[in-house]
Amino acid sequence: MHPFYIIPTYRATQRAIRLAQARFGNEHHLNTPANAFRHALWSFLIAQKVYKKNKNVSKAVNWAKTITDLHEQIAPNKPLEKAMDLHNNSIGLRLFEANYTTNTTDQLLKLLNRETDQAVKITKAADIELNKNRLVFLEN
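Below is a short write-up of the structure. Quick caveat: nothing in here was measured; it's all calculated off a predicted structure.

What follows is about the packing of aromatic side chains. This structure, assessed with the given rule, holds 6 aromatic pairs. A centroid spacing of 5.3 Å and a plane angle of 70 degrees characterise the contact between tyrosine 5 and tryptophan 63, whose relative ring orientation is edge-to-face. One end of the pair, tyrosine 5, is in the segment before α1 (6–24); the other, tryptophan 63, is in helix α3 (residues 57–74), with 58 residues separating them in the sequence. With respect to class, tyrosine 5 is no different from tryptophan 63; both count as buried. Seen from their ring centres, tyrosine 51 and phenylalanine 96 are 6.1 Å apart, and the 65 degrees between their planes marks the pair as edge-to-face. Note that tyrosine 51 is positioned in helix α2 (residues 33–54) and phenylalanine 96 in helix α4 (residues 79–99), a separation of 45 residues in sequence. For tyrosine 51, a relative accessible area of 18% puts it in the buried group. Given the relative accessible area of 0%, phenylalanine 96 is considered buried. By way of ring pairs, the aromatic residues Phe44, Tyr51, Phe96 and Tyr100 are connected into one cluster. One residue, arginine 23, lies across the ring of phenylalanine 37, its end atom 5.5 Å from the ring centre. The residue whose ring lies beneath lysine 55 is tyrosine 51, and the NZ or CZ to ring-centre distance is 5.8 Å.

Each value, and the rule that gives it
- Residues numbered from 1 in each chain as written.
- Predicted model: local features only at pLDDT ≥ 70, side-chain atom pairs only at ≥ 80, totals over all residues.
- Heavy atoms only, no water.
- Phe/Tyr/Trp six-rings, centres within 6.5 Å; stacked < 30°, edge-to-face > 60°.
- Helix = DSSP H or I, 4+ residues; strand = E, 2+ residues; numbered from the N terminus.
- Buried < 20%, exposed > 50% of the residue type's maximum accessible area, 1.4 Å probe, protein only.
- Lys NZ or Arg CZ within 6 Å of the ring centre and 35° of its normal.

See below:
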């Protein structure tokens with residue numbers, strides 16, 4: 001589809017994992033606020049890296065959504081975990097659209113740290129609809 005987006009996507013993925021690991025340790029592999037942070041960061045970074053290649057916000061967001069949605073289709077998650085991940089990915093993309101000129105890691109991390117601090121614990125899919133603009137998680 002877009003072979004020139006593969007390397008930026010890979011680099012964004014590696015960077016998201018490194019940053020989440022540095023801040024949260026292995027907790028980002030659980031269904032905690034750390035995981036919400038990683039998913040939002042991942043989708044944001046993919047869009048950001050692709051945007052640097054194509055200078056088109058819409059195309060960058062569409063590519064990032066395609067990749068992150070595909071990952072969730074392939075990943076063996078329970079339905080609520082999948083819905084949570086898709087939601088947190090979309091939050092990252094909305095943050096990118098609103099802040100795509102944010103180029104420094106410090107600015108991005110401040111933004112995501114604030115969002116993570118305000119993340120909401122959910123217990124059912126309907127809770128996601130009630131928190132459309134917030135990161136969500138399943139367990140502390």
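Back to the write-up after that little detour.
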